[in-house]
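# Observations on the model geometry
Chain by chain, the residues:
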Amino acid sequence: MPVSTALNLGYLVSSIANVPTHNGQKPLLLHGATSQSLPLLASPNHLLKLGHTKCSWRTTTPVRTAVAAVQSSDPSEKQESELKKYHFVVANAKFMLDEEEHFKELLFERLRLYGEREKEQDFWLVIEPKFLDKFAAITKRLKRPAVALVSTNGPWITFMKLRLDRVLQESYEADSLEEALASNPANIEFEKPDKWSAPYPKYEYGWWEPFLPPGSKPAKV
């Protein structure tokens, strides 16, 4: 930039600071400034506009950009973002509730830990879950009735899959907790063994009820 132009621009800034702001004042006068010495003012695309009463900055482009960003929000995108992902492992009820010797202890230990940390429960047992209808490849491998361990915690469900071993793992999305944990009516019956030789007592019937979805009724014997 030529030295004369830089000096004139500096003088322009100092002159703008003294622009009158009340009606009836004289137009802004820049001492010694002309359109030839200030090419920015001579250009029709300059941002600074000088009038008789005030000076203003024209900022139309950012405003248009902001409006476009607001208008681009799609209701369908919001609806998709509201879907919550649920993870589960599933097996037949006999294995999950009556045979797997560590399952009960694992669930009650986790429930105790959540209570100590005042954390909201995010895992449930669902007897004959409706969401299994979406998984034909799983249902054809299951004995019925089936029981699923469902949680919003994916890594923990993966851990439970490794821990329980003889279970199938998958995930799905749902709009609400009620929809995610919906179930079909089922009767749960387990035959009592004639002889129990394990060093620990046999699981009592109904131990799983604290882990059923909110508002669900215990399964009938």
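Structure first, text after, so check above.
The sections below set out a description of the structure shown in this document. (Residues numbered from 1 in each chain as written. Predicted model: local features only at pLDDT ≥ 70, side-chain atom pairs only at ≥ 80, totals over all residues. Heavy atoms only, no water.)

On to the nonpolar core. Grouped together as the largest cluster of nonpolar side chains are 27 residues, with contacts concentrated most on Met96, Phe103, Leu107, Leu125, Leu149, Trp207 and Trp208. Contributing elements (two or more residues each) for this core: strand E3 (84–92), helix H5 (93–99), helix H6 (103–116), strand E4 (123–127), strand E5 (146–151) and helix H8 (154–164). Every residue in contact with phenylalanine 103, bar those within four places of it in the chain, is listed here: Met96, Leu125, Leu149, Met160, Leu164, Tyr203 and Trp207. In terms of nonpolar packing, the next biggest core, distinct from the first, is built from 18 residues, Trp124, Ile138, Ala148 and Tyr172 among them. (Core = buried A, V, L, I, M, F, W, Y, C linked by side-chain atoms within 4.5 Å. Buried < 20%, exposed > 50% of the residue type's maximum accessible area, 1.4 Å probe, protein only. Helix = DSSP H or I, 4+ residues; strand = E, 2+ residues; numbered from the N terminus. Contact = heavy atoms within 4.5 Å.)

Helices that pack against each other are described as a pair by the angle of their axes relative to one another and the distance between those axes. In the contact formed by H6 and H8, the axes pass within 11 Å of each other and the chain directions differ by 155 degrees. Considering the angle they form, H6 stands roughly antiparallel to H8. Between H6 and H8 the crossing geometry is right-handed. Of H8, the residues touching H6 (which contributes Phe103, Leu106, Leu107 and Arg110) are Trp156, Met160, Arg163 and Leu164. The class makeup of the residues in the contact of H6 with H8 is six nonpolar, no polar and two charged. (Axes fitted to C-alpha atoms, helices over the stretch in contact; angles between N-to-C directions. Parallel < 35°, antiparallel > 145°, perpendicular 65-115°, else oblique. Left-handed = near helix turned anticlockwise from the far one by under 90°. Nonpolar A, V, L, I, M, F, W, Y, C, P; charged D, E, K, R; others polar.)

On the surface, Glu82, Asp175, Glu178 and Glu179 cluster together to form a negatively charged patch. Among the secondary structure elements, glutamate 179 is positioned in helix H9 (residues 177–180). (Patch = residues over 30% accessible without salt bridge, like charges linked within 9 Å, V, L, I, M, F, W, Y side chains within 5 Å. Areas by Shrake-Rupley, 256 points an atom, 1.4 Å probe, with all protein chains shown as cover. Salt bridge = Lys/Arg side-chain N within 4 Å of Asp/Glu carboxyl O. Lys, Arg positive; Asp, Glu negative; His and termini not counted. Charge placed at Lys NZ, Arg CZ, Asp CG, Glu CD.)

Between the first and last C-alpha of H6 there are 20 Å, a value that for 14 residues agrees with the 20 Å anticipated at 1.5 Å per step. Listing the buried residues of H6 in full gives Phe103, Lys104, Leu107, Arg110 and Tyr114. Down the axis, H6 shows its buried residues gathered within 140 degrees of arc, on one side only. Buried residues belonging to H6 abut H5, E4, E5 and H8. In the segment just after H6, glutamate 118 is the residue with positive phi, at about 55 degrees. (Expected span 1.5 Å × (residues − 1). Arc of directions from axis to C-beta.)

Another aspect to go through is the side chain of serine 151. Mapped onto the fold, serine 151 is located in strand E5. At a separation of 2.9 Å, a polar atom in the side chain of serine 151 contacts the main-chain amide nitrogen of asparagine 153. Discounting chain neighbours no more than four positions away, the residues touching serine 151 are Tyr86, His87, Asp122, Phe123, Trp156 and Ile157. (Polar contact = N/O pair within 3.5 Å; in protein donor to acceptor, adjacent residues only side chain to side chain.)

Glancing now at the pattern of salt bridges. Going through the model one piece at a time under the given rule, you end up with five salt bridges. Between lysine 94 and aspartate 98 there is a salt bridge; the shortest N-O distance is 2.5 Å. Of the two residues, lysine 94 and aspartate 98 are both situated in helix H5; the distance of four residues between them amounts to about one turn of the helix. When its relative accessible area of 31% is taken as the criterion, lysine 94 is described as partly exposed. Glutamate 128 is the salt-bridge partner of arginine 144, the closest N and O atoms lying 2.9 Å from each other. Here the residue arginine 144 occupies a position in the loop between helix H7 (136–139) and E5, and glutamate 128 occupies one in the loop between E4 and H7, the gap between them amounting to 16 residues. Look at arginine 144 and you get partly exposed, because its relative accessible area is 43%. Taken together, the salt bridges that share partners define one network made up of Glu109, Arg112 and Glu116.

Attention now moves to unusual backbone geometry. The residue after arginine 144, namely proline 145, is reached through a cis peptide bond having omega 0 degrees. You can see proline 145 is positioned in the loop between H7 and E5. In this structure, aspartate 165 is a non-glycine residue whose phi angle is positive, near 70 degrees. As for its placement among the helices and strands, aspartate 165 is situated in the loop between H8 and strand E6 (168–174). A relative accessible area of 52% means that aspartate 165 is categorised as exposed.

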